[in-house]
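# Per-entry structural report
Residues per chain are reported as follows:
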Amino acid sequence: MTNVPETGRTSRVQIRLVIMQVLVFSMLITLGGRLWFLQIRNGAEYYHEAKSNHVQRVVQPAVRGSILDARGVPLADNETRLVVSASRTALMKMKDKGKGVMTRLAGVLDMTPKEVMDKVRLCDSQTPKPCWNGSPYQPIPVTLEATTQQALQLRERPEEYPGITAEPTAVRRYPAPGGARTAQVLGYLSPVTDDEIQKAKDTDSPHLRSDQVGRSGIERTYDRQLRGKAQVTSYEVDNLGRVMGQTKSDPGVAGSTLVTSIDARVQAVAEFELQQAMKVVRNETDNITGRKYEADSGAVVVMEARTGRIVAMASQPDYDPNTWVGGISGADYAKLTSKSSNYPLLNRGIQGMAPAGSIFKVVSASAAVRAGYKFNDKYNCSSSYSLGGRSFANFESKGHGPITLGEALKFSCNTVFYALGHKEWQRDGGLSPKKDAHDWFYRTAREFGLGSETGIDLPNEVKGRIPDRQWKQSFWAANKNSWCKQGKRGGTYVEQIAYESCLEGNQLKAYDSINFAIGQGDVLVTPIQMATAYSAISNGGTLYNPTVGKAVISPDGKHVEMVAPQSHGRLPISAQTIADLDKGLRTVVEPGGTAAWRFGGWPQDKIPMHAKTGTAQVYGKQTTSWLATYTKDFTIVMTISQGGTGSGASGPAVRNLYNAIYGLTMDGKQDLKRALLPAPETKLPRINPDGSIDSPEIRPYVPPSPEELEPPALAGPPPTRHD
Amino acid sequence: MPTANKFSVSRYAPERGPMARLTARDSVLRRLDWPILLSSLALSFLGALLVWSATRNRTTLNQGDPYYFLARHALNTGIGLVLMIGTIWLGHRTLRGAVPVLYGLSLVLILAVLTPLGATINGAHAWIVIGGGFSLQPSEFVKITIILVMAMLLATRVDAGDLAHPDHRTVVKSLCLAAAPMGIVMLMPDLGSVMVMVVIVLGVLLASGASNRWVIGLLASGVGGAVLIWQLGVLDEYQINRFAAFANPELDPAGVGYNTNQARIAIGSGGLTGSGLFKGSQTTGQFVPEQQTDFVFTVAGEELGFVGAGLILVLLGVILWRACVIARETTELYGTIVCAGIIAWFAFQSFENIGMTLGIMPVAGLPLPFVSYGGSSMFAVWIAVGLLQSIKVQRPLSA
């Protein structure tokens, strides 16, 4: 402070001037500090923010790879359609939120304004479909089916339709070659969500906002390979989005082609025959309930026995996968997810669960052998087996006397397995189990792959259930409260069961083990599990992970990545036991066997057929039909829920499938020219030098006429029950 | 010896030629405060570059001529220099005599803004359109008038040696005279300018040696007034929104908070040395609104970095430091008060302007002295520089 006494200035003013100076400079220092904080300390962060501010990415989506069948027939490919899209961001900037534009657009496209606006609105928990669940910054397709006329109208007067584009675009198509929809196996696509973008951000295949991703089926499993890489061009833009320069361009890569092991022709037969079989049994009366069979759902799996490759997989009810293309409509979505349509999105080949019924007996027979019973010893097939005053009958209440385990499979004798299951239960300690209990039946079931996923390359496979002691305990712990509340001593059947379950539902009872021995009770299996297990019997014991994908071929055709068959274990039985089972199953289609009446005229000497029928009881429902069969090359497992007996409901369909595959007539004559697949397809389709793959011609399946279906004279009348 | 000060030293010097007069040891040129002048020129020059960079792509504003704003800024600086020279030539003491006239003229001008002659720009009805692309913002000149009128009233009796400090009556009188134009500016409503004027009044009172009670009282009533304005809802929605956006910048980044957000991105992305003139993406992409006027500091931050933006702070610091020295060293209270008013004005306006771009002050439509594009502001600050120079020049040599 410079005091200047000669001015006569009071020190008050001088002091205040100094205070002012201090204030002024502290303001400047504050600014400097803040400037340092923003520019030096956090500079990098703002630098990136500025970068993203002025760089707009224009995405040219990669063309998604095709999905081909084993011979090269496209099951899913792309077609060019005129797509009219709306930019939501542009519409929302308008004063009327784009209402005017959308109303005019609706007029051009012959839609109602509401339809257009519904397509453009964003999905949230309250918004019913249709709505857009992709990125709000990506153009939203309003229609994929604009005519050239409509597109021209929009393009000629862009000023009337700001934010609206009409461009030819590659759109997914599911052509259903020869009638093979393959719906649930292929799956479907829908726009990527913000969550998925966040999750995949740092992986080697990040999503773009424009991406369509596979939501189920092989579209989902092989999404990364099929998707390819979009071409992204970055432009520098100003605040109004005007382009000022191009910064960089990432070249796109088209998606790879997926060759599957599906044979479209066999798939078409499988789909047709499954549907046909269900149609037929719906006209038949169930003599237990006295009602017509419901046949509410069904599945059939055709598998290469030696590799686990899926040749065909059909599930009923099904749907047209094309309904998903370009955003599913509200009505369609409601239909696909409603109880009344019985959930056609489910792939019952891998997601349908039911008690196995008698096709489980291969497991029980194996368990018995492991427990020390000889396969070829004689076991009494009585007409019924009684336990504590309760009588467990053979379904036909028919005894066969002392028979081998092989014969027990042939006749599907329940009482033999009841006795074995019961005896093992007792040996393990009954209600007070030993510490080192063998639990041969349960252990064998697990080691046959039941109760766990087969590892098929399709998403959301279910595990089924093996109701062993641990399961009993945990199931009881989870349910005892409600059982105890509902249960009533001496009440209705349901109340009585609940009462008993409440008291001792954690115990593995004798009747549990008896039921389990014939695949009844709480056991649940999927068709794919049974196909895998029966294939293992056919191929000498290897449990393969079933596969649909066979090879991934790069767009230029130069790189072929095979999906090699992989095993997840071996059957827990000796080669001898496998041979014994094989022999036993072979007799099932021979005279006296439960499926013999369906395989009259089958050339058993040339193409040995093995089968096991099953009729599983489900409480409160009609019986589930099971038929598990195999030859040396193929395994076919079919099931129809509430469809009646194994051979009755599924027999003709399975027989027709084999006839089509091998080119057989009903009297066993083989015509290799008519055979669709006399041996599994081992080669990949031919890849042209330019990377394209030619698609062989495919004719739709012509089902055999009634005359052709005339069974040969040898076949006897069907038994009263074909279990 | 206050009477001796009425005569300039040169009066008694022998007659000299014009060149000799300019180069003589006691000449006006020699006695000018060169740090202030050079800093002001440097700031105006930097301002010209930044305004040019901000507007060269804004075709809707510059009528297709990328040099339009550069030329106008240079012209404004030139006019400002002439005004400064005129002010020095007239001298702050002469202007003291003209204060009543200036005061009346200012009142007429700001009243004219409220008539149909006035125009609204960015929510404030604060302009008079002259025509030919020129418009006048009288509130910029009112700042000078308030300083001069208060300085005259508060200093007269002290400089005459009658009082040690201004008495209460004089303080009340000066506050009333300052309040009249401020009230009118408030009606426009040009709240930013009113804020600056309140701070100017504070600075003036502080330097005048008025009783502490007045200083504290004015501070309290300033805060009280702010609360009252808020409570009564006198503010327009855009003003409330600016405060809301200041309190929470993440609020509606596309709307209210957009300015502050984009400004901060621009400055932050500059880093140490900036992207280089004309190379800032935020600036060339026009992401920051009002970038040639209120947000001109963001151009410096982005394109010149910490170095360039810091230079602006340093240059402002030099002007304020020199002004403080002049205020302290001048012998008469009148000069001291005028200096203090200018210091308060420059310091607060710069702090508010830069502070809002840095996100530490709410947004208010105030130009950055010398740097922002705008004629009225440029003229006013150069007149202020003229006043500082005049006080320095007419102060007896301490040697």
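Residues numbered from 1 in each chain as written. Chains lettered and ligands numbered in written order. Predicted model: local features only at pLDDT ≥ 70, side-chain atom pairs only at ≥ 80, totals over all residues.

## Description of the overall build of chain B
Regarding its fold elements, chain B presents 16 helices and three strands. Sequence-distant contacts, at least 24 apart, represent 70% of the contacts inside chain B between residues at least 6 apart. (Helix = DSSP H or I, 4+ residues; strand = E, 2+ residues; numbered from the N terminus. Contact = placed C-beta atoms within 7 Å.)

## What about the overall build of chain A?
On a plain count of helices and strands, chain A comes out with 23 helices and 23 strands. Every one of the 723 residues in chain A was classed for burial, and the buried ones make up 46%. Within chain A, counting contacts between residues at least 6 apart in sequence, those at least 24 apart form 72% of the total. (Buried ≥ 20, exposed ≤ 12 C-beta atoms within 10 Å, placed from the backbone.)

## Digging into the packing of helix α15 (residues 333-358) of chain B against helix α16 (residues 375-394) of chain B
Residues and elements named next belong to chain B. Axis separation between α15 and α16 bottoms out at 10 Å; the angle between their running directions is 145°. Between α15 and α16 lies a crossing whose hand is left-handed. Listed contacts from α16 to Gly335, Val338, Cys339 and Ile342 of α15 are Ala384, Leu387, Leu388 and Ile391. Partitioning the contact of α15 with α16 into residue classes produces seven nonpolar, one polar and no charged. (Axes fitted to C-alpha atoms, helices over the stretch in contact; angles between N-to-C directions. Left-handed = near helix turned anticlockwise from the far one by under 90°. Nonpolar A, V, L, I, M, F, W, Y, C, P; charged D, E, K, R; others polar.)

## Points about the sheet that holds strand β21 (residues 610-616) of chain A
What links the strands of a sheet is backbone hydrogen bonding, and the strands pair in either a parallel or an antiparallel sense. All names here are of chain A. Ordered by their spatial adjacency, five strands build an open sheet running β12-β11-β23-β22-β21, and the pairing between neighbours is antiparallel. Across the chains shown, the open sheet's two edge strands, defined by having one partner strand only, are β12 (310-316) and β21. Neighbour to neighbour, the strand axes of the sheet diverge by 5° on average, direction disregarded. With six bridges connecting them, strand β11 (residues 297-304) and β12 associate as antiparallel partners. Bridging across to β12, Val300 finds its partner in Ala314. With respect to the sheet, helix α21 (residues 527-539) is in contact with β11, β22 (624-630) and β23 (634-641), its orientation differing from that of β23 by roughly 150°. Contacts between helix α23 (residues 646-662) and the sheet are confined to β11, β21, β22 and β23, with β22 contributing the most and set at about 35° to the helix. (Pairing = 2+ DSSP bridges.)

## Overview of the nonpolar core
In terms of nonpolar packing, the biggest core is built from 130 residues, with Val300(A), Val301(A), Val302(A) and Leu657(A) touching the most fellow members. Top contributing element to this core by residue count: helix α11 (residues 264-281) of chain A, with ten residues. The residues that make up this core include at least three from each of domain 2 (56-260) and domain 3 (264-320 + 352-468 + 508-662) of chain A. Other than its neighbours up to four places away in sequence, Val302(A) contacts Val266(A), Ala270(A), Val311(A), Ala312(A), Phe634(A), Ile636(A) and Leu657(A). Among the nonpolar cores identified, the runner-up in size contains 120 residues, and Trp52(B), Val149(B), Val204(B) and Ile383(B) belong to it. (Core = buried A, V, L, I, M, F, W, Y, C linked by C-beta atoms within 7 Å. Domains from an automatic or database assignment.)

## Some remarks on the packing of helix α7 (residues 138-159) of chain B against helix α9 (residues 191-208) of chain B
Residues and elements named next belong to chain B. Two numbers describe how α7 lies on α9: the axes approach to 10 Å, and their chain directions differ by 20°. Viewed along their axes, α7 and α9 adopt a mutual orientation that is roughly parallel. Crossing angle aside, the handedness with which α7 passes α9 is right-handed. Taken together, the residues of α9 that come into contact with α7 (itself represented by Ser139, Lys143, Ile146, Ile147, Met150, Ala151 and Leu154) are Ser193, Val196, Met197, Ile200, Val201, Val204 and Ser208. Split into classes, the residues belonging to the contact of α7 with α9 amount to ten nonpolar, three polar and one charged. (Parallel < 35°, antiparallel > 145°, perpendicular 65-115°, else oblique.)

## Regarding the environment of Lys129(A)
Residue and element names in this part refer to chain A. Residue position: Lys129 is located in the loop between α5 (113-120) and β4 (140-143). On the neighbour-count criterion, Lys129 (17 C-beta atoms within 10 Å) is partly exposed. Sequence spacing of Lys129 and Ala334 is 205 residues, and the spatial spacing of their C-alpha atoms is 8.3 Å. The residues contacting Lys129, other than those within four sequence positions of it, are Ile328, Gly330 and Tyr333.

## With respect to the interface of chain A and chain B
Buried accessible area, meaning the area lost when the parts come together, often serves as the stated size of an interface. Taken together, the contact between chain A and chain B spans 36 residues of the former and 44 residues of the latter. Counting residues per element, the side of chain A that touches chain B draws most heavily on helix α1 (residues 11-41) of chain A, which supplies 18 residues. Its residues placed into classes, the side of chain A that touches chain B shows 17 nonpolar, twelve polar and seven charged.

## Overview of α7(B)
Residues and elements named next belong to chain B. With 22 residues, α7 ought to run about 32 Å at 1.5 Å a step, and its terminal C-alpha atoms sit 30 Å apart, in line with that. Its axis deflected by about 25° at Leu153, α7 carries its strongest bend there. Buried residues dominate α7, accounting for 20 of its 22 residues. Following α7 by one or two positions, Gly161 has its phi on the positive side, about 85°. (Expected span 1.5 Å × (residues − 1). Bend = angle between axes of the 7 residues up to and from the residue.)

## Structural notes on the pairing of β12(A)
The buried fraction of β12(A) is high, at seven of seven residues. Linking β11(A) back to β12(A) in an antiparallel pair, the connection comprises five residues, with Gly308(A) at a positive phi of about 80°.

## Here's the deal with unusual backbone geometry
The omega angle of the peptide bond from Gln316(A) to Pro317(A) is -5°, so this bond is cis rather than trans. When you line up the elements, Pro317(A) lands in the loop between β12 and α12 (330-336). For Thr182(A), which is not a glycine, the phi torsion comes out positive at approximately 55°. Within the secondary structure layout, Thr182(A) lies in the loop between β5 (164-173) and α7 (183-186). Even without a glycine there, the phi angle at Phe278(B) is positive, about 70°.

## Quick look at the confidence of the model for chain A
Considering every residue of chain A, the mean pLDDT works out to 88; 93% of them sit at 70 or more. Scored below 50 in pLDDT, residues 1-6 of chain A makes seven contacts in the model with residues more than four places away or belonging to other chains. (pLDDT = per-residue confidence, 0-100.)

## What about the confidence of the model for chain B?
Low pLDDT marks stretches whose predicted atomic positions should not be read closely. Per-residue confidence for chain B averages 85 on the pLDDT scale, and 87% of its residues sit at or above 70. This complex was scored by the predictor with a pTM of 0.66 and an ipTM of 0.90.

## Observations concerning the environment of Asp118(A)
With respect to the secondary-structure elements, Asp118(A) resides in helix α5. Put simply, Asp118(A) and Pro130(A) are twelve residues apart on the chain and 6.0 Å apart in space, counted from C-alpha to C-alpha.

## So, the environment of Asn347(A)
Residue and element names in this part refer to chain A. Checked against the element boundaries, Asn347 lands in the loop between α12 and α13 (348-351). Look at Asn347 and you get buried, because 29 C-beta atoms sit within 10 Å. Separated by 48 residues in sequence, Asn347 and Ala299 place their C-alpha atoms 8.0 Å apart. Each residue touching Asn347, except ones within four places of it in the same chain, is listed here: Gln184, Val185, Ser315 and Leu458.

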